[in-house]
Amino acid sequence: MLVTICIGSSCHLKGSRDVISILERLISLHGISDKVELTGSFCMGECAKGVCVKVDDELYSVSPATAETFFNEQILGRI
Amino acid sequence: MNISLDVSWKSLNKHGEELCGDTVGILKNDVSDIFVLSDGMGSGVKANILSTLTTKIVGTMLRDGANISDCVETIAKTLPVCSVRHVAYSTFTILQIFKDGRAYLVEYDNPGCVLVRSGKLEQIPYEVHEIEGKKIRDCSLNVALGDYFVLMSDGVTHAGVGNMMSFGWGQARASEYIRKACSMNNLSAPRLTSMICKACSDLYLDSPGDDTTVAVIHAVKAKHVNIFTGPPQSYDDDAVLMRDFMTSPGKKIVSGGTSANIAARILKKKIVASIKYNDPEIPPIATLEGVDLVTEGVLTLNRCANMLEQYNKGDLSDRFFDSLDADNGAAMIAKILVEECTDLHMFVGQAMNAAHQNVGLPFDLSIRMRLVDKIRQECEKMGKTVTVRYY
């Protein structure tokens, strides 16, 4: 599963860095780093919805506060 | 011969002085670059006025084609006479480097220019003239690629006098230190300037007894750097900008997510963005085939512009160089601009970025134009040639 996190200016200001570190932590906690690949991307053109996160080709709006719920539902839920 | 110049200078103020009595000036005309280092008599405001006047007068006159006798005569008749000492006095060193590779060096009462060529100290064959009762020495020579010219005020040769060294550092020891430093591979002018100033500051036990100034002029091959930032106003200009950008020789930097996406689309290559945050405030960099460096836009350029400003304010400390060597997009651009660039070309798109009109963000993202201006100004202060094209 490919999870792409936008690190463009706008999403950065809305907390990309925290979202990335939360997801990295949860992925290693659940020992699924062989199944999930985290990667970055510049602006996805949906800044109003930032932080933009794509799971395969589906776009989600995530914030540091919702990152864990997002992980449980969209990443863990699909494995 | 095609020679470009990597230039840097720094002054240490005499202990307790707010103003420096030494002044460095850089002037350019179509055929040459002119560097003037002047040391005004005394210290503080009086010395500052004398050296500023001298630098401006000599530099401007030479730039506009006057000969050295005219310059000296003008200075002798113009400088205000000190009410205490009843003399008007300011030393100077002038180095004029022509585009065709010739150089003209003139000195009046400053320590001699140090020239390091292929790792050796080069003896400069001066001729001595008397103009207006002043002993002036000059020399015409040819510049070789890799030459380091070091101009200095007597604060350098006197460093440590009566303290660490009874008669100060001295021209011979200072020259030898410079020669050794120049044997380091790819030593840039800013680093050499910093090393010499650090050595002086150490000899003065961090409390300089005199204004101390070093200017380094390093002859290098032209190092062109191109920066593409900001999407063009019209979609049709994307390809025009990219063609101009990619065909311009030298390093290529793309700064901005949207700009990077445009570059990737036109180059038909894929951007690979890293998610490694080495600095919490600066978004990670990315890679794109055909481009040397891809970074986020305004946050990165903002930090970069501040670093350039810090450098121009005279901060050549170890801590500054450490921040320049740091592994983040802003430091990478700043390092390239400070140390690996003689000519900067900016390709700037002026479209309003819809993504940045988003209220409620803790940083004003719509300041690209101001950052471009600031980077241009700071690079020009360093003596680099800058061109900016808008799309």
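Predicted model, so just to flag it, every value in this text is computed and none were measured. (Residues numbered from 1 in each chain as written. Chains lettered and ligands numbered in written order. Predicted model: local features only at pLDDT ≥ 70, side-chain atom pairs only at ≥ 80, totals over all residues. Heavy atoms only, no water.)

Asker: An account of helix α11 (residues 368-381) of chain B is needed here, citing residue identities and associated values.
Answerer: For an α-helix, 3.6 residues make a turn, and residues three or four places apart therefore share a direction. Residue and element names in this part refer to chain B. For α11, with 14 residues, the first-to-last C-alpha span of 20 Å sits near the 20 Å given by 1.5 Å per residue. For α11, every residue scored as buried is listed here: Arg368, Leu371, Val372, Ile375, Glu378 and Cys379. Along α11, the residues classed as buried sweep out an arc of 135° about the axis, all on the same side. Structurally, α11 contributes buried residues whose contacts are with β12 (224-229), β13 (251-255), α8 (298-312), α10 (329-339), β17 (343-348) and β18 (385-390). Of the residues one or two after α11, glycine 383 is the one with positive phi, at around 90°. (Helix = DSSP H or I, 4+ residues; strand = E, 2+ residues; numbered from the N terminus. Expected span 1.5 Å × (residues − 1). Buried < 20%, exposed > 50% of the residue type's maximum accessible area, 1.4 Å probe, protein only. Arc of directions from axis to C-beta. Contact = heavy atoms within 4.5 Å.)

Asker: Residue-level account of empty space enclosed by the protein, with values.
Answerer: Residues and elements named next belong to chain B. Under the defined criterion, the tally for this structure stands at 2 cavities of 30 Å³ or more. Its boundaries defined by the atoms lining it, the second largest cavity holds a volume of some 40 Å³. Every residue lining the second largest cavity is listed: Val7, Ser8, Trp9, Val24, Ile26, Phe35, Leu151, Ala215, Val216 and Ile217. When residues of the lining of the second largest cavity are traced back to their parent elements, those giving at least two are β1 (4-12), β2 (22-28) and β11 (212-220). When grouped by side-chain class, the residues that make up the lining of the second largest cavity number 9 nonpolar, 1 polar and no charged. (1 Å grid on protein atoms, 1.4 Å probe; cavity = no way out; pocket = protein on both sides within 12 Å on 5 of 7 lines; lining within 4 Å. Points joined across faces, edges and corners; volume = space filled by probe spheres on them. Nonpolar A, V, L, I, M, F, W, Y, C, P; charged D, E, K, R; others polar.)

Asker: Help me get a handle on the pattern of salt bridges, residues and values and all.
Answerer: All names here are of chain B. In this structure the tally under the stated criterion is 28 salt bridges over all chains. The salt bridge partner of glutamate 73 is lysine 77, with a shortest N-O separation of 3.1 Å. With glutamate 73 and lysine 77 both in helix α2 (residues 68-78) and 4 residues apart, this pair spans about one turn of that helix. Note on glutamate 73: relative accessible area 32%, which makes it partly exposed. Classification of lysine 77 as exposed rests on a relative accessible area of 62%. One network of salt bridges, in which partners are shared, links Arg191, Asp325, Lys335 and Glu339. (Salt bridge = Lys/Arg side-chain N within 4 Å of Asp/Glu carboxyl O.)

Asker: Lay out the layout of surface pockets in plain terms, naming residues and giving numbers.
Answerer: It is a probe the size of a water molecule, rolled over the atoms, that shows where empty space is left. Residue and element names in this part refer to chain B. Estimates place the volume of the largest pocket at around 480 Å³. Taken together, 23 residues line the largest pocket, and the ones lying closest to its centre are Trp9, Ser11, Val24, Gly25 and Asn312. Every element with two or more residues in the lining of the largest pocket is listed here: β1, β2, α1 (44-63) and α8. Among the elements that make up the lining of the largest pocket, the one with the highest residue count is β2 (6 residues). Here the lining of the largest pocket spans two domains, since at least three of its residues come from each of domain 1 (4-220) and domain 2 (224-390). (Domains from an automatic or database assignment.)

Asker: Mind laying out the sheet that holds strand β10 (residues 148-152) of chain B, listing which residues take part and the relevant values?
Answerer: Residue and element names in this part refer to chain B. The 5 strands are arranged β1-β11-β10-β6-β7 in an open sheet whose pairing can be described as antiparallel. The strands lining the two open edges of the sheet, one partner per strand, are β1 and β7 (120-121). In this sheet, β7 lies alongside strand β6 (residues 114-117) in antiparallel orientation, the contact comprising 2 bridges. Bridge assignment links arginine 117 to a residue of β7, and that residue is lysine 120. On the sheet, helix α4 (residues 171-182) packs against β6, β7 and β10 and is oriented at approximately 30° with respect to β6. (Pairing = 2+ DSSP bridges. Axes fitted to C-alpha atoms, helices over the stretch in contact; angles between N-to-C directions.)

Asker: Tell me what's going on with the interface of chain B and chain A, and back it up with residues and numbers.
Answerer: For an interface, size is often stated in terms of accessible area lost upon the parts coming together. Listed per partner, the contact involves 28 residues of chain B and 19 residues of chain A. Between the two partners, chain B and chain A, sit 0 salt bridges. At the boundary of chain B with chain A, the tally comes to 5 residue pairs in polar contact (both at pLDDT 80 or more). Those elements giving two or more residues to the side of chain B that touches chain A turn out to be α7 (257-267), β16 (291-295) and α8 of chain B. Top element by residues in the side of chain B that touches chain A is α7 of chain B. It accounts for 4 residues. (Polar contact = N/O pair within 3.5 Å; in protein donor to acceptor, adjacent residues only side chain to side chain.)

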